[in-house]
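So you can see what is in the structure, the chains are spelled out below.
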Amino acid sequence: MQAVSKQSISEELRRRFESAGNVLVLTGAGVSAESGVPTFRGGGNATAWKGMPFDVISSARMLERDLPAVWEWFDYRRNLLGPLEPNPAHREIARWQKQFQQFTLVTQNIDGLHQKAGSKDIIELHGNIWRARCVGCHTRCDISNCDSVLRECAGCGDPLRPDVVLFGEMLPPGAFELAAESARRCEICFVVGTSAIVYPAASLPEIAKAAGAYLCEVNPEPTPLSDLCDEVLTGKAGEILPMFGRLQ
Ligand code: BJW
Ligand code: ZN
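Right, let's walk through the structure included here. Computed from a predicted structure; not experimentally measured. (Residues numbered from 1 in each chain as written. Chains lettered and ligands numbered in written order. Predicted model: local features only at pLDDT ≥ 70, side-chain atom pairs only at ≥ 80, totals over all residues. Heavy atoms only, no water.)

## A few points about the overall build of the protein chain
Helix and strand counts for the protein chain come out as 9 helices and 14 strands. The principal-axis extent of the C-alpha atoms belonging to the protein chain is close to 55 × 35 × 30 Å. Across the 248 residues of the protein chain, 52% fall into the buried class. Sequence-distant contacts, at least 24 apart, represent 67% of the contacts inside the protein chain between residues at least 6 apart. Of the accessible surface of the protein chain, which amounts to about 11900 Å², a share of 51% is contributed by carbon and sulfur atoms. (Helix = DSSP H or I, 4+ residues; strand = E, 2+ residues; numbered from the N terminus. Buried < 20%, exposed > 50% of the residue type's maximum accessible area, 1.4 Å probe, protein only. Contact = heavy atoms within 4.5 Å. Areas by Shrake-Rupley, 256 points an atom, 1.4 Å probe, with all protein chains shown as cover.)

## Focus: the site of ligand 1
In the neighbourhood of ligand 1, 34 residues make up the surrounding shell, with R41, S58, R77, T194 and S195 lying closest. Between T194 and ligand 1, the recorded distance is 2.6 Å, taken from a side-chain N or O atom to an oxygen atom. In isolation ligand 1 exposes 1500 Å². Once the protein is present, 75% of that is buried. Here the shell around ligand 1 is composed, by residue class, of 17 nonpolar, 11 polar and 6 charged. (Near = heavy atom within 4 Å. Polar contact = N/O pair within 3.5 Å; in protein donor to acceptor, adjacent residues only side chain to side chain. Nonpolar A, V, L, I, M, F, W, Y, C, P; charged D, E, K, R; others polar.)

## Observations concerning the packing of aromatic side chains
Following the criterion strictly, the structure yields 14 aromatic pairs and no others. On the basis of an interplanar angle of 85° and a centroid distance of 6.1 Å, the ring pair of F17 and F190 is categorised as edge-to-face. Taken together, the residues F17 in helix α1 (residues 11–19) and F190 in strand β12 (residues 188–192) connect sequence positions 173 residues apart. Each of the two residues, F17 as well as F190, counts as buried. Following the ring pairs from residue to residue traces out a cluster consisting of F17, W96, F100, F103, F190 and F244. One cation-aromatic arrangement involves R77 over W73; the distance from NZ or CZ to the ring centre is 4.4 Å. (Phe/Tyr/Trp six-rings, centres within 6.5 Å; stacked < 30°, edge-to-face > 60°. Lys NZ or Arg CZ within 6 Å of the ring centre and 35° of its normal.)

## Overview of the nonpolar core
Core analysis: the largest hydrophobic core is formed by 27 residues, its most contacted members being L13, V25, W96, F190 and F244. The element best represented in this core is helix α9 (residues 237–245), accounting for 5 residues. (Core = buried A, V, L, I, M, F, W, Y, C linked by side-chain atoms within 4.5 Å.)

## Section: the packing of helix α7 (residues 175–185) against helix α8 (residues 203–210)
Close contact between α7 and α8 brings their axes to 7 Å; oriented N to C, the two are set at 30°. Comparing their axes, α8 and α7 come out roughly parallel. Crossing of α7 against α8: the hand is right-handed. Contacts between α7 and α8 involve F176, A179, A180, A183 and R184 on the former and, on the latter, S203, L204, I207 and A208. Residue composition of the contact of α7 with α8, by class: 7 nonpolar, 1 polar and 1 charged. (Axes fitted to C-alpha atoms, helices over the stretch in contact; angles between N-to-C directions. Parallel < 35°, antiparallel > 145°, perpendicular 65-115°, else oblique. Left-handed = near helix turned anticlockwise from the far one by under 90°.)

## As for the side chain of D111
Tracing the chain through its elements places D111 in the loop between β7 (102–107) and α6 (113–117). Buried and without a salt bridge, D111 has R77 as its closest oppositely charged side chain, separated by 8.2 Å. For D111, the side chain forms a polar contact with the side chain of S32, separated by 2.6 Å. There is a polar contact of 2.9 Å between the side chain of D111 and the backbone nitrogen of L113. (Lys, Arg positive; Asp, Glu negative; His and termini not counted. Salt bridge = Lys/Arg side-chain N within 4 Å of Asp/Glu carboxyl O.)

## So, the packing of helix α5 (residues 88–99) against α9
Put simply, α5 and α9 touch, their axes get as near as 7 Å, and they point 30° apart. Classified by the angle their axes make, α5 and α9 are roughly parallel. Along this stretch, α5 crosses α9, giving a crossing that reads as left-handed. Here P88, A89, E92, I93, R95 and W96 of α5 come into contact with α9, specifically with A237, G238, L241, P242, F244 and G245. Tallied by class, the residues present in the contact of α5 with α9 amount to 8 nonpolar, 2 polar and 2 charged.

What is shown is where atoms sit, not what they do.
Okay, structure coming up:
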């Protein structure tokens, strides 16, 4: 593993980046930090709400016990996220989809900022806060323009829930399998702004590396993945990623 200062991308990575035909990017909360989105873990603290750690309120157990409390937590977060804008990291990643013959963006984020930056065909492993889903018939609905969200399905009358993946829940059918397939095929795998501790998302870089990809982490802090990486770019995503745009 080669640690580099935020100013330098190695010759090896430059060469690979310029000639790559297939690139995968996995993002986590850190990619949105410079837009003002709080991360879950970091700075020695974990996000909490009304005295509850986020892994308690954002859990399958809490959804069963108290769906209105879960809605309150997500309503609060939609209000926070609404005015936020993508940062240079989201914009650089959106640019990459035109640069490479094959490009896959896999995100754990539910904030919709990659979409707002122009990224398409994103594999959303943990859902999206701007959608709701019926617990009965599983119909999804867009709630991005709703001031107050309906709590019942217009089709079957069953309760709606946020369309996000809580702890202890399965990922959307097929999403991980699609991401894993891309991970097996990519030449470079960038892992940006994730603590790399939540599975199965955290296994994607391991899959990519095992299949021969060059693994590059972008994060101001070391993670459990850092030692596996071929290159660690230590710093903020919004400062590091635009350096790739300046390589041309
Ligand atoms: C910057 C920066 C800047 C800051 N620039 N970087 C194997 C072993 C043990 C447990 C499990 C296992 N497999 C599965 C599990 C259970 C569990 C799990 O992984 N637990 C671990 C914590 C141990 N996984 C699950 O439950 C998953 N489901 C599942 O596996 O289903 C199968 C199953 C079902 C039932 C029983 C058993 C198995 C589902 C996981 C869903 C995660 N959901 C959440 C909440 C979403 C809704 C919400 O928002 O409330 O998703 S949890 C939370 O963590 C959120 C995130 O997507 C996810 C990952 O966090 P992320 O993105 O990495 O953020 P942080 O905050 O952790 O890190 C930020 C990073 O950014 C830091 O490193 C900073 O340094 C960095 N940073 N500024 C760049 N400017
Ligand atoms: Zn329904």
